[in-house]
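Here's the letter readout for the chains.
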Amino acid sequence: MAINFNGTPLKCLHTFPRGSAPELHVQRTQFAGVVGVSQIVLGVGGRELSFEVWLTDASFVTAASVDNYRQTLDGLIGAGGTLQITGNAPATFGDCTFVGFEPTGSVLPVLGVGMPVGTFWQAGTLKFFQLTPD
């Protein structure tokens, strides 16, 4: 499986996306002398999408190369476009904004198990916001 944002593959292994429920836009009001509240439902808004990831690539031959890639990801913050997941469970999420990469640990050397040995990796969360959920 791969994550592509605006047609560019992101250098990571990842879990399935976690998505929050779309935001409910509602106005609630209580009137004097009336028991309970009234509400006007205005529709739904966007939602958060996130992926637990391991930044990894054959080009990450030093810890600094992982840091350089994180800076590349930082340059995408605020960019909008289409998020695609390929592989066994493909999915497409349109109208997404990249929120950022949040590391959950240090950059570590690869010792095997699914990543190129002799390279480095870092765990974290890729975060997106979908403006108009499908």
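The present account deals with the structure reproduced in this document. (Residues numbered from 1 in each chain as written. Predicted model: local features only at pLDDT ≥ 70, side-chain atom pairs only at ≥ 80, totals over all residues. Heavy atoms only, no water.)

1. Focus on the overall build of the protein chain
1) Next: When helices and strands are counted, the protein chain shows 1 helix and 11 strands.
2) Next: For the protein chain, the α and β elements follow one another from N to C terminus as β-β-β-β-β-β-β-α-β-β-β-β.
3) Next: A globule of 134 residues ought to have a C-alpha radius of gyration of about 14 Å, yet the protein chain, at 19 Å, is considerably larger.
4) Next: Counting only C-alpha atoms and orienting by the principal axes, one finds that the protein chain spans roughly 70 × 25 × 25 Å.
5) Next: For the protein chain, the proportion of its 134 residues judged to be buried stands at 30%.
6) Next: Once local pairs closer than 6 in sequence are excluded, the contacts in the protein chain between residues at least 24 apart make up 64%.
7) Next: Here the protein chain displays about 7700 Å² of accessible surface, and carbon together with sulfur accounts for 59% of that area.
8) Next: In the protein chain, which carries 6 positive and 9 negative side-chain charges, the distance between the mean positions of the two groups comes to 4 Å. (Helix = DSSP H or I, 4+ residues; strand = E, 2+ residues; numbered from the N terminus. Rg over C-alpha atoms; globule rule 2.2 N^0.38 Å. Buried < 20%, exposed > 50% of the residue type's maximum accessible area, 1.4 Å probe, protein only. Contact = heavy atoms within 4.5 Å. Areas by Shrake-Rupley, 256 points an atom, 1.4 Å probe, with all protein chains shown as cover. Lys, Arg positive; Asp, Glu negative; His and termini not counted. Charge placed at Lys NZ, Arg CZ, Asp CG, Glu CD.)

2. Concerning the pairing of strand 9 (residues 91-103)
1) Next: Taken together, the 5 bridges between strand 8 (residues 80-86) and strand 9 define a ladder with antiparallel strand orientation. What sits directly across from Ile85, in strand 9, is Ala91.
2) Next: Pairing of strand 9 with strand 11 (residues 120-130) involves 7 bridges; the strand directions are antiparallel. If you follow Thr97 over to strand 11, its bridge partner there is Phe129. (Pairing = 2+ DSSP bridges.)

3. Comments concerning unusual backbone geometry
1) Next: Positive phi outside glycine occurs at Asn6, with the angle close to 55 degrees.
2) Next: With relative accessibility at 43%, the residue Asn6 sits in the partly exposed group.
3) Next: A positive phi angle is found at Asp95, which is not glycine, with a value near 60 degrees.
4) Next: The class of Asp95 is partly exposed, set by a relative accessible area of 38%.

4. Thoughts on the packing of aromatic side chains
1) Next: According to the stated counting rule, one finds 5 aromatic pairs in the structure shown.
2) Next: Ring centres of Phe5 and Phe98 lie 6.3 Å apart, and the angle between their planes is 45 degrees; on these two criteria the pair is classed as tilted. You can see Phe5 sitting in strand 1 (residues 2-5) and its partner Phe98 sitting in strand 9, a full 93 residues away along the chain.
3) Next: Overall, the relative accessible area of 4% leaves Phe5 in the buried class.
4) Next: A residue is classified by how much of its surface remains accessible, and Phe98, at 2% relative accessible area, is buried. (Phe/Tyr/Trp six-rings, centres within 6.5 Å; stacked < 30°, edge-to-face > 60°.)

5. A word on helix 1 (residues 63-74)
Every α-helix carries 3.6 residues per turn, so stepping three or four residues along brings you back to the same face.
1) Next: Along its 12 residues, helix 1 runs 17 Å from first to last C-alpha, staying within 8% of the 16 Å computed at 1.5 Å per residue.
2) Next: Taken residue by residue, helix 1 has Ser65, Val66, Tyr69 and Leu73 as its buried positions. Taken down its axis, helix 1 places every buried residue within 100 degrees of arc, on the same side.
3) Next: Residues of helix 1 that are buried make contact with strand 2 (8-9), strand 7 (47-56), strand 9 and strand 11. (Expected span 1.5 Å × (residues − 1). Arc of directions from axis to C-beta.)

6. Structural notes on the nonpolar core
1) Next: Grouped together as the largest cluster of nonpolar side chains are 20 residues, with contacts concentrated most on Ile3, Leu10, Leu83, Leu126 and Phe128.
2) Next: Put simply, the parts of the chain that give this core at least two residues each are strand 1, strand 7, helix 1, strand 8, strand 9 and strand 11.
3) Next: Aside from chain neighbours lying at most four places away, what touches Ile3 is Thr8, Pro9, Leu10, Cys12, His14, Phe51, Val53, Leu83, Gln84, Ile85 and Leu126. (Core = buried A, V, L, I, M, F, W, Y, C linked by side-chain atoms within 4.5 Å.)

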